Amino acid sequence: MPDPHAEDDGEEAPPRPLGRLQAPVVYGLEVVGGLALAALLAITVADALLRSLLNRPILGGGDLVQVALVLVVASALPLSIAAGRAIAIEMLVERLPPALETAVRRLSAAVCAIASGYLAWRCYVNAGEAALFGETTMLLQIPYGPFYGALALSFALSAALFASGVLRPGSGA
Amino acid sequence: MSATAIGLLGFLGLFGLMGLGVPVGMAMLIAGLLGTAGLAGWTTAAYTLSGQTFATASYYELSVLPLFILMGNLAAASGLSRDLYEAAWRWIGHVRGGLASASVLGCAGFSALSGSSIASAVTMGKVAYPNMRRYGYGGRLATGTIAAGGTLGILIPPSTGFVLYAILTEQSIGRLFMAGVLPGLMLTGLFLLTIAVFVRLRPEEGPPGPSFTWRERITATGRATGIFVIIGLTIGGIYSGFFTPVEAAGVGAAFAFVAFLLRSRSLTLLLDVVRDTLRTTGMTFLILIGAGIFSPFVALSGLPGLVAGTFTGAGLGPHGTLFIILALYVVLGMVIEGLSLMVITLPIVFPVVVALGFDPIWFGVIMVIVLEMGLISPPVGVNCFVVSTIARDVKLQTVFAGVLPFWGAMLIATLLLVAFPQIALLIPDSMFAR
């Protein structure tokens, strides 16, 4: 929660699991996510007001919301992982001896990297299948393929972030 | 290996992964994938994995989450969220325990908008705690008030907890929001009553604060109008049927954006708002994606039927079973984060509760209260730890001692809701009847 009046309480600098690549990747995701969020807000409000006041909702407004949401989620997932915001139960790991804690954190990051990588691959396969079978949204016929692709990219980035946690445990991912 | 055994192994694997520090969403995703593969083969599991992920990320109803998160962040950044505290302070700060009561109201308003108990404890804590100490409040009451006050937000719409519960159990988000209104007000009243009793027994903990002129009170109340407009737009819009929950979220966020432009206009702050909204959205969706893969596996394993049968066969009766479930939630809530606990356990617990004949909307309300109790229960009541980082002059034990009376108030609220389900169901039922 951004807080304009918050005092500086000596919070640690945000983790940078991707090193030098962190800034451009995060910036790109924030731009895409921010634009998708703005679109989601604009469509929802316009649809609500047009429907309730003029009884003329946006044709395919639901379709537009759906695809905007996919882009918001696709950009938000790696951003939350890069910022170390994924909810985890650290109570047990934190009580381990330092060497064992590092090993467990590496193992945990490796497991997450493999799972995210596999999910990225599956989304990529589904993107191809969606294009092949012409899967689209209901009203506007927006093809699903590119949005499966966006999720594939999102999980590939997440996998990279988790993988960096294997090399640098505790870097946030 | 039987389906039930694979189901149990899946849960063991899930808790094992969580114990290793694997993020809860990823742990559910992995356990769900491997479990589904064990039950239905790898091809089915692979398609479930990507299909459910896409379904969750493109689920229209879930667009309320980023919009409400955005609304809360914009309201916080523009100072809207603090206005209720400032107004309440000017009206009741001069009576014994009044500053603590103003803090509870401020926390309720802030966390209702932000949807986050922890964010409420942090932000309100930084404002309300020094203020209470400045006017001679004791550490117990000051810290207990802030740690407990934030928990009100999950009941007062819009609430992330209700959205997750609604999506996972296929209930109406609008009905759940409405069901939280009266219990939220009741719990706020119980918290205020707790403070009144506290300062009567220990007057030195909550001395009277400064008085303000009528002009100052009215000015502060005028500034707090914005928060009432947002809550009115969202709750009133949904109740009247004017807006769907998704539309209400959008309109609420748009209003908060206008308030932000009028009050702040800082581009840096706006970018911070967007950044934080995306991070919180990602955090929430990772859990939802995990739940979307884990839940079908649990259903496929037949475990919910087995558990329901076991409870029914035990002869405890519906309320006996309910109390056992709630007691388990209180205990588990002490060690597992609330929303995670909800998504992990609902696939098992929800069918049991429905089979026992309880109203799913009513149970949703009870469940979020009990989960919030975990946030202020030792040994890992997160809100207490958060407050102790702000109140560095007070020991953690003192914070836990301070929240204890409020924990009791939440227990009373839960018991009242069990005895009188109408408290939760009155508004949604009247909405449905129209």
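Residues numbered from 1 in each chain as written. Chains lettered and ligands numbered in written order. Predicted model: local features only at pLDDT ≥ 70, side-chain atom pairs only at ≥ 80, totals over all residues. Heavy atoms only, no water.

**Q** For the overall build of chain B, give the residues involved together with the corresponding values.
**A** Helix and strand counts for chain B come out as 21 helices and zero strands. The globule rule puts the C-alpha radius of gyration for 434 residues at 22 Å, and the 22 Å found for chain B is close to it. If one aligns the C-alpha atoms of chain B with their principal axes, the spans along those axes are about 75 × 45 × 45 Å. A total of 434 residues make up chain B; the buried ones form 62% of that total. Within chain B, contacts between residues at least 6 apart in sequence are counted, and of these 79% link residues at least 24 apart. (Helix = DSSP H or I, 4+ residues; strand = E, 2+ residues; numbered from the N terminus. Rg over C-alpha atoms; globule rule 2.2 N^0.38 Å. Buried < 20%, exposed > 50% of the residue type's maximum accessible area, 1.4 Å probe, protein only. Contact = heavy atoms within 4.5 Å.)

**Q** Break down the overall build of chain A for me, with residues and values.
**A** Regarding its fold elements, chain A presents four helices and zero strands. Secondary structure elements of chain A, listed N to C terminal, follow the sequence α-α-α-α. Out of the 173 residues belonging to chain A, those deemed buried represent 45%. Residue pairs at least 24 apart in sequence account for 70% of intrachain contacts in chain A once pairs closer than 6 positions are excluded. For chain A, the exposed area adds up to about 8,700 Å²; of that, 66% sits on carbon and sulfur atoms. (Areas by Shrake-Rupley, 256 points an atom, 1.4 Å probe, with all protein chains shown as cover.)

**Q** Kindly report on the interface of chain B and chain A, identifying the contributing residues and their values.
**A** Listed by partner, the interface residues are 71 residues for chain B and 61 residues for chain A. Between chain B and chain A, the buried area comes to about 5,700 Å², and carbon and sulfur atoms account for 74% of it. In terms of surface lost to chain A, no three residues of chain B exceed B:Phe54, B:Leu278 and B:Arg279, which account for 13% of the buried area on that side. Taken together, chain B and chain A are joined by three salt bridges. (Buried area = accessible area lost by both parts, 1.4 Å probe. Salt bridge = Lys/Arg side-chain N within 4 Å of Asp/Glu carboxyl O.)

**Q** Account for the environment of A:Val70, naming residues and giving values.
**A** Mapped onto the secondary structure, A:Val70 falls in helix α2 (residues 61-82). By relative accessible area, A:Val70 is classed as buried at 1%. Separated by 77 residues in the primary sequence, A:Val70 and A:Phe147 have C-alpha atoms spaced 6.6 Å apart. The contacts of A:Val70, once residues within four sequence positions are left out, are A:Phe147, A:Leu151, B:Phe54, B:Ala57 and B:Ser58.

**Q** If you had to explain the pattern of salt bridges to someone new, which residues and values would you point to?
**A** In the structure shown here, the tally under the stated rule is 11 salt bridges over all chains. The shortest N-O distance in the salt bridge between A:Arg105 and A:Glu90 comes to 2.8 Å. Here the residue A:Arg105 occupies a position in helix α3 (residues 98-132), and A:Glu90 occupies one in the loop between α2 and α3, the gap between them amounting to 15 residues. Taking the relative accessible area as the measure of exposure, A:Arg105 reaches 23% and is therefore partly exposed. Between B:Arg202 and B:Glu204 there is a salt bridge, with its nearest N and O atoms 3.5 Å apart. A network of salt bridges, in which partner residues are shared, links A:Glu30, B:Asp272 and B:Arg275.

**Q** With reference to specific residues and values, describe the environment of A:Arg106.
**A** Mapped onto the fold, A:Arg106 is located in helix α3. Residue A:Arg106 is classed as partly exposed on the basis of its relative accessible area of 36%.

**Q** Report on the side chain of A:Asp63, specifying residues and quantitative values.
**A** Residue and element names in this part refer to chain A. In this fold, Asp63 is placed in helix α2. No salt bridge is formed by the buried Asp63; its nearest oppositely charged neighbour, Arg51, is found at 15 Å. For Asp63, the side chain forms a polar contact with the main-chain nitrogen of Leu139, separated by 2.8 Å. Other than its neighbours up to four places away in sequence, Asp63 contacts Thr137, Met138, Leu139, Leu140, Gln141 and Ile142. (Lys, Arg positive; Asp, Glu negative; His and termini not counted. Polar contact = N/O pair within 3.5 Å; in protein donor to acceptor, adjacent residues only side chain to side chain.)

**Q** Hey, could you go over the packing of helix α4 (residues 64-77) of chain B against helix α6 (residues 98-114) of chain B for me, with residue numbers and the actual values?
**A** All names here are of chain B. For the pair α4 and α6, interaxial distance at closest approach is 7 Å and the crossing angle is 140 degrees. It follows that α4 is oblique to α6 by the angle criterion. Between α4 and α6, the residues in contact are Phe68, Met71, Gly72, Ala75 and Ala76 and Phe110, Leu113 and Ser114, respectively. Residue classes in the contact of α4 with α6 are distributed as six nonpolar, two polar and no charged. (Axes fitted to C-alpha atoms, helices over the stretch in contact; angles between N-to-C directions. Parallel < 35°, antiparallel > 145°, perpendicular 65-115°, else oblique. Nonpolar A, V, L, I, M, F, W, Y, C, P; charged D, E, K, R; others polar.)

**Q** How would you explain the environment of A:Val65 if you had to name every residue and give the values?
**A** All names here are of chain A. Residue placement: Val65 occurs in helix α2. Overall, the relative accessible area of 2% leaves Val65 in the buried class. Sequence separation between Val65 and Pro146 is 81 residues; the distance between their C-alpha atoms is 15 Å.

**Q** Please set out the nonpolar core residue by residue, giving values where relevant.
**A** All names here are of chain B. Counting 209 residues, the largest nonpolar core has Leu14, Met28, Phe191, Tyr329, Trp362, Phe363 and Leu417 as its most contacted members. The greatest single-element share of this core, amounting to 15 residues, is contributed by helix α14 (residues 267-301). What Leu417 contacts, discounting residues up to four positions off in sequence, is Pro183, Met186, Trp362, Val365, Ile366, Ile369, Ile423 and Ala424. (Core = buried A, V, L, I, M, F, W, Y, C linked by side-chain atoms within 4.5 Å.)

**Q** Which residues make up unusual backbone geometry, and what are the values?
**A** Phi angles above zero are rare outside glycine, and A:Asn55 is one such case at about 55 degrees. Secondary-structure assignment places A:Asn55 in the loop between α1 (22-54) and α2. In this structure A:Asn55 comes out as exposed when scored by relative accessible area, which is 63%. At B:Arg265, a position not held by glycine, the phi torsion is positive, near 65 degrees. Considering the arrangement of structural elements, one finds B:Arg265 in the loop between α13 (245-263) and α14. Residue B:Arg265 is classed as exposed on the basis of its relative accessible area of 64%.

**Q** Would you mind going over the packing of aromatic side chains in detail, with residue names and values included?
**A** One pass over the structure, following the stated rule, counts 17 aromatic pairs over all chains. Here the aromatic cluster, defined as three or more aromatic residues joined through ring pairs, consists of B:Phe11, B:Phe15, B:Phe294 and B:Phe297. The residue whose ring lies beneath A:Arg122 is B:Tyr47, and the NZ or CZ to ring-centre distance is 4.6 Å. Its guanidinium or amino end placed over the ring of B:Phe212, B:Arg90 lies 5.0 Å from that ring's centre, counting from NZ or CZ. (Phe/Tyr/Trp six-rings, centres within 6.5 Å; stacked < 30°, edge-to-face > 60°. Lys NZ or Arg CZ within 6 Å of the ring centre and 35° of its normal.)

**Q** Report on the side chain of B:Thr234, specifying residues and quantitative values.
**A** Residues and elements named next belong to chain B. The topology assignment puts Thr234 in helix α12 (residues 225-240). Overall, the relative accessible area of 2% leaves Thr234 in the buried class. The residues touching Thr234, leaving out its near neighbours within four places in the chain, are Phe68, Met71, Pro158, Ala248 and Gly252.

**Q** An account of a nonpolar patch on the surface is requested, with residue identities and associated values reported.
**A** On the surface, A:Leu49, A:Leu50, A:Leu53, A:Leu54 and B:Phe242 cluster together into a nonpolar patch covering about 450 Å² of accessible area. Locating A:Leu49 in the fold gives a position in helix α1. (Patch = residues over 30% accessible without salt bridge, like charges linked within 9 Å, V, L, I, M, F, W, Y side chains within 5 Å.)

**Q** Give a description of the state of the cysteines that names residues and reports values.
**A** Counted by the stated rule, this structure contains zero disulfides over all chains. Summary of cysteine pairing: A:Cys112 is not part of a disulfide, and the nearest cysteine sulfur, belonging to A:Cys123, is at 16 Å. Free of any disulfide, B:Cys107 has its nearest neighbouring cysteine sulfur in B:Cys384, separated by 13 Å. According to the relative accessible area criterion, B:Cys107 is buried, its value standing at 0%. (Disulfide = S-S within 2.5 Å.)

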